[in-house]
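Architecture at a glance
So the chains spell out like this:
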Amino acid sequence: MLDVRHATVAFSAPGGPLVRAVDDVSFTIPVGTFVVVIGTNGSGKSTLLGAIAGTVRLDAGSIHVAGHDLTRWRENRRARYVGRVFQDPRAGTASSLSVLENIAVAACRGRPVGLGWATPQRLRAEAAQRLAAIQPGLEKRLDQPIGSMSGGQRQIVSLVMATWHRPELLLLDEHTAALDPASADRVVQATAKLVRDQKLTALMVTHSLEQAARLGDRLLLVHRGKIAVDVEGGAKRRLTPEDLASRFDRLRRADQLDDPAARTLRDLYA
Amino acid sequence: MITLLATWTFGVTLALVALGVFVSYRLFAFPDITTDGSFTLGAVTTTVLLVAGHDPAIATLGGAAAGAAAGACTGLLHAILGIEPLLSGILVTTALSSVNLVVLGRSNVPLAGTATLLDRAEAILLPATTAAGFGDAAAEAARLIVMLAAVGIAVLFLWAFFRTNLGTAMRAGGDTASMARALGRNTGLLTVAGLAIANALTALSGAFVAQVQGFADVQMGIGMVVWGMASVFLGAALVGPVRLGGALVATVAGSITFRLLVASALRAGLHPDWLKAATALVVLAALVAPRLLTRRPQASAAR
């Protein structure tokens, strides 16, 4: 379970006004729920994800995962409960290490590392089985440097790594944005399968309205640092990419009005 | 014969520096200037311990431990205080030049009359090398065998260590810090540990060089980091892309090859004063050549 309470992150550009990238945001994701987050560039969705992952410091508020208060924890300590897949495949995997060695590091996620052999036969067998289950063929490439694989294949391995031990929360940071459409589709399918099979609590940030409409049990639309739209259940299932596009249009139009009017409009549309 | 063997012995001994630079520069992408200071630190610490009458094995390990501490200092400056790699190394190696002088007491101390680790091993191996027909060069051959064994052990240790969970996490952190952090690793501490290992190897090399040449000198470490890089690059050029074990062996091969090249250049008339400049040129060539050779393919891949 993820519990975000009154999260606030403020930036001030040199000489500019204080901007609240994340403005007093609160929401709860129950165990086993897959939440999709969308928003335009600069809406604050990436900052929100960074605050949960531990790469961005909260100025106010708190983050709880599975009942643990992670607010003051450093990024690497949060790995005990949080699994992550990055937007850039090169950021989430170590290029010069083999696929199996990358998985070996993931097999120690959030645990102390010792002087045990990193890639015993048992790990090799399990890695082969898990990779084959998600994308047949990958299990034959365990000994290749992961840097020699395509971005899509690396993201699949990243997914397997992040969920090697079931995380209390899986964070997906626009993890198909750097891929071509066919690879993105494969990664989306693998994501849906892993989340379903492991009954994961997941939060996915995406640029793709099509993915946002198709995936997840609940949708958050972040706008100007606040959650502007929050739909779940039947309403979420009925959402189409066109609905989402028109919501974005209306929010943009509302931005051109003065603040009180915009707030009224936004409340209406939400 | 003796000169050739001595050249080999030196190349093999300095392979430990090359292995240290391999760890800091290749695995952690950390250009570690501490190398210059920790090489000397290893030599002077071992020399002082030997002169004080300590067991040669203890003295040699003591030199390596001092190097590990120096490397950890550089790592801590970088990881905790956020000082950039080059500057961290410069600060520590500058401080070490004072430390080395204070430890040694004066700028040059001979080991004549002191039993070293090499003397001890020579005594054991001499009958064998004499029997093998090395004649006058039997002693030099014994030294070479000792150093080959030491470097062999170092390569095996590194290969095994960097394939443990801890070692693999260190390589992952050195390669892609964001990935290692997301999987729970404290990349700062891993860098500190990596630099400690790198400089322990470098200091071990200094400890052996002092025992091979029979004296320690506070200037002996100058240019070692560039020397190590030259060996690493040369080794990589000799074998091409390989995995961890291959890269370690290639680094040793690079060190020996580079030493042989230097010896040939000196024999062909290169003035010794130009040696460091020539080494720097080799490193420059190794850094620039791959970029010049692959510029076109890279540009098209980016598109």
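This one's a predicted model, so the numbers in the text were calculated from it and none came from an experiment.

When you go through chain B residue by residue, the secondary structure sums to twelve helices and two strands. Overall, chain B shows an N-to-C arrangement of helices and strands of α-α-α-α-β-α-α-α-α-α-β-α-α-α. Relative to the globule expectation of 19 Å for 303 residues, the C-alpha radius of gyration of chain B, 19 Å, shows essentially globular dimensions. Each principal axis of the C-alpha atoms in chain B carries an extent, and together these give about 65 × 40 × 35 Å. Counting across all 303 residues of chain B, residues that qualify as buried make up 53%. Sequence separation of at least 24 residues holds for 76% of the intrachain contacts in chain B that already meet a minimum separation of 6.

Check the secondary structure of chain A and you find eleven helices and ten strands. Over its C-alpha atoms chain A spans a radius of gyration of 19 Å, differing by no more than 12% from the 18 Å that the globule rule assigns to 270 residues. C-alpha extents for chain A along the principal axes are approximately 65 × 40 × 35 Å. Here chain A, with 270 residues, has 44% of them falling under the buried criterion. Once local pairs closer than 6 in sequence are excluded, the contacts in chain A between residues at least 24 apart make up 67%.

Quick look at helix α10 (residues 241–255) of chain A now. Residues and elements named next belong to chain A. Taking 1.5 Å per residue as the helical rise, α10 with its 15 residues ought to reach 21 Å, and the 21 Å between its terminal C-alpha atoms agrees with that figure. L244, R247, L251 and A254 are the residues of α10 that are buried. Angularly, the buried residues of α10 cover 80° about the axis, an arc narrow enough to put them on a single face. Opposite the packed face of α10, turned more than 90 degrees from it, sit the exposed residues E242, A245, S246, D249, R252 and R253.

This next bit is on the sheet that holds strand β4 (residues 60–65) of chain A. All names here are of chain A. The sheet built from four strands is open, its strands ordered β2-β1-β4-β5 with antiparallel pairing. Edge positions in the open sheet fall to β2 (18–29) and β5 (68–69), since each of these has one partner strand only. When strand β1 (residues 2–12) meets β2, the two strands line up antiparallel, connected through eight bridges. Looking at β2, one finds that F11 is bridged to V19.

A separate point is the sheet that holds strand β6 (residues 82–85) of chain A. Residues and elements named next belong to chain A. Ordered in space as β6-β7-β8-β3-β9-β10, the six strands form an open sheet in which the pairing is mixed. Looking at the sheet topology across the chains shown, the edges are occupied by β6 and β10 (226–232). This sheet shows a mean twist of 20° between the axes of neighbouring strands, independent of strand direction. Bridging between strand β3 (residues 34–38) and strand β9 (residues 218–223) involves four bridges; their strand directions are parallel.

Residue and element names in this part refer to chain B. It is the contact of helix α1 (residues 2–27) with helix α9 (residues 187–213), at a shortest axis distance of 8 Å, that shows an interaxial angle of 165°. Taken together, α1 and α9 sit at an angle that is classed as roughly antiparallel. Here α1 runs over α9; the crossing is left-handed. For the pair α1 and α9, the contacting residues are T9, T13, L14, L16, V17, L19, G20, V23, S24 and L27 in the first and G194, L195, I197, A198, N199, L201, T202, L204, S205, F208, V209 and V212 in the second.

Our next topic: the interface of chain B and chain A. Accessible area lost when the parts come together is the quantity often used to give the size of an interface. Taken together, the contact between chain B and chain A spans 19 residues of the former and 27 residues of the latter. At the level of secondary structure, the elements contributing two or more residues to the side of chain B that touches chain A comprise α7 (165–175) and α8 (177–182) of chain B. For the side of chain B that touches chain A, the residue count by class is seven nonpolar, seven polar and five charged.

So, about the nonpolar core. Counting residues in hydrophobic clusters, the biggest one holds 176 residues, and the most contacted among them are I103(A) and L19(B). Leaving out residues up to four positions away in the same chain, L19(B) has contacts with A154(B), L158(B), L201(B), L248(B) and T251(B).

Inspection of the sheet shows β1(A) paired to β4(A) by five bridges, in the antiparallel sense. Counted as the bridge partner of T8(A) is A60(A) from β4(A).

A word on the packing of α7(B) against α9(B). Helix packing geometry: the angle between the two helix axes and the distance between the axes. All names here are of chain B. Interhelical geometry of α7 versus α9 gives an angle of 110° and a closest axis separation of 9 Å. Between α7 and α9, the interaxial angle falls into the category roughly perpendicular. Of α9, the residues touching α7 (which contributes A169, M170, G173 and G174) are T187, L190, T191, A193 and G194. Its residues placed into classes, the contact of α7 with α9 shows four nonpolar, five polar and no charged.

In this section: the environment of A184(A). Take A184(A): it is sitting in helix α7 (residues 181–197). Expressed as a C-alpha distance, the spacing of A184(A) and G151(A), which sit 33 residues apart in the sequence, is 9.4 Å.

The predicted structure's coordinates, where accompanied by low pLDDT, should not be read in detail. Model confidence for chain B is summarised by a mean pLDDT of 92, while 97% of its residues fall at 70 or above. The model gives residues 297–303 of chain B a pLDDT under 50, and that stretch makes zero contacts with residues more than four places away or in other chains.

The next subject is unusual backbone geometry. Residues and elements named next belong to chain A. The residue H6 is not glycine, and still its phi comes out positive at about 50°. Tracing the chain through its elements places H6 in strand β1. The backbone of D24 sits at a positive phi, close to 50°, despite the residue not being glycine. Tracing the backbone through its elements, the reader meets D24 in strand β2.

Its place among the elements puts G53(B) in the loop between α2 (34–51) and α3 (56–79). On a C-alpha basis, the gap between G53(B) and S24(B) in space is 33 Å, while along the polypeptide they are 29 residues apart.

Turning next to helix α5 (residues 117–131) of chain B. What sets the pattern is the α-helix's 3.6 residues per turn: residues three or four places apart point alike. Residues and elements named next belong to chain B. For α5, which comprises 15 residues, the first-to-last C-alpha distance of 22 Å matches the rise-based estimate of 21 Å (1.5 Å per residue) to within 8%. If you look at α5, its biggest bend is around 50°, right at L125, and the proline P127 turns up within four residues after that. All of the buried residues along α5 are L117, L118, L125 and T129. As for α5, its buried residues are in contact with α3, α6 (138–161) and α9. Where α5 terminates, the next one or two residues include G133, which has phi positive at roughly 90°.

Another aspect to go through is the environment of V99(A). Residues and elements named next belong to chain A. Within the secondary structure, V99 is located in helix α4 (residues 99–106). Separated by 44 residues in sequence, V99 and D143 have C-alpha atoms that sit 6.1 Å apart. Each residue touching V99, except ones within four places of it in the same chain, is listed here: R141, L142, Q144, I146 and V157.

How each quantity is defined
- Residues numbered from 1 in each chain as written.
- Chains lettered and ligands numbered in written order.
- Predicted model: local features only at pLDDT ≥ 70, side-chain atom pairs only at ≥ 80, totals over all residues.
- Helix = DSSP H or I, 4+ residues; strand = E, 2+ residues; numbered from the N terminus.
- Rg over C-alpha atoms; globule rule 2.2 N^0.38 Å.
- Buried ≥ 20, exposed ≤ 12 C-beta atoms within 10 Å, placed from the backbone.
- Contact = placed C-beta atoms within 7 Å.
- Expected span 1.5 Å × (residues − 1).
- Arc of directions from axis to C-beta.
- Pairing = 2+ DSSP bridges.
- Axes fitted to C-alpha atoms, helices over the stretch in contact; angles between N-to-C directions.
- Parallel < 35°, antiparallel > 145°, perpendicular 65-115°, else oblique.
- Left-handed = near helix turned anticlockwise from the far one by under 90°.
- Nonpolar A, V, L, I, M, F, W, Y, C, P; charged D, E, K, R; others polar.
- Core = buried A, V, L, I, M, F, W, Y, C linked by C-beta atoms within 7 Å.
- pLDDT = per-residue confidence, 0-100.
- Bend = angle between axes of the 7 residues up to and from the residue.

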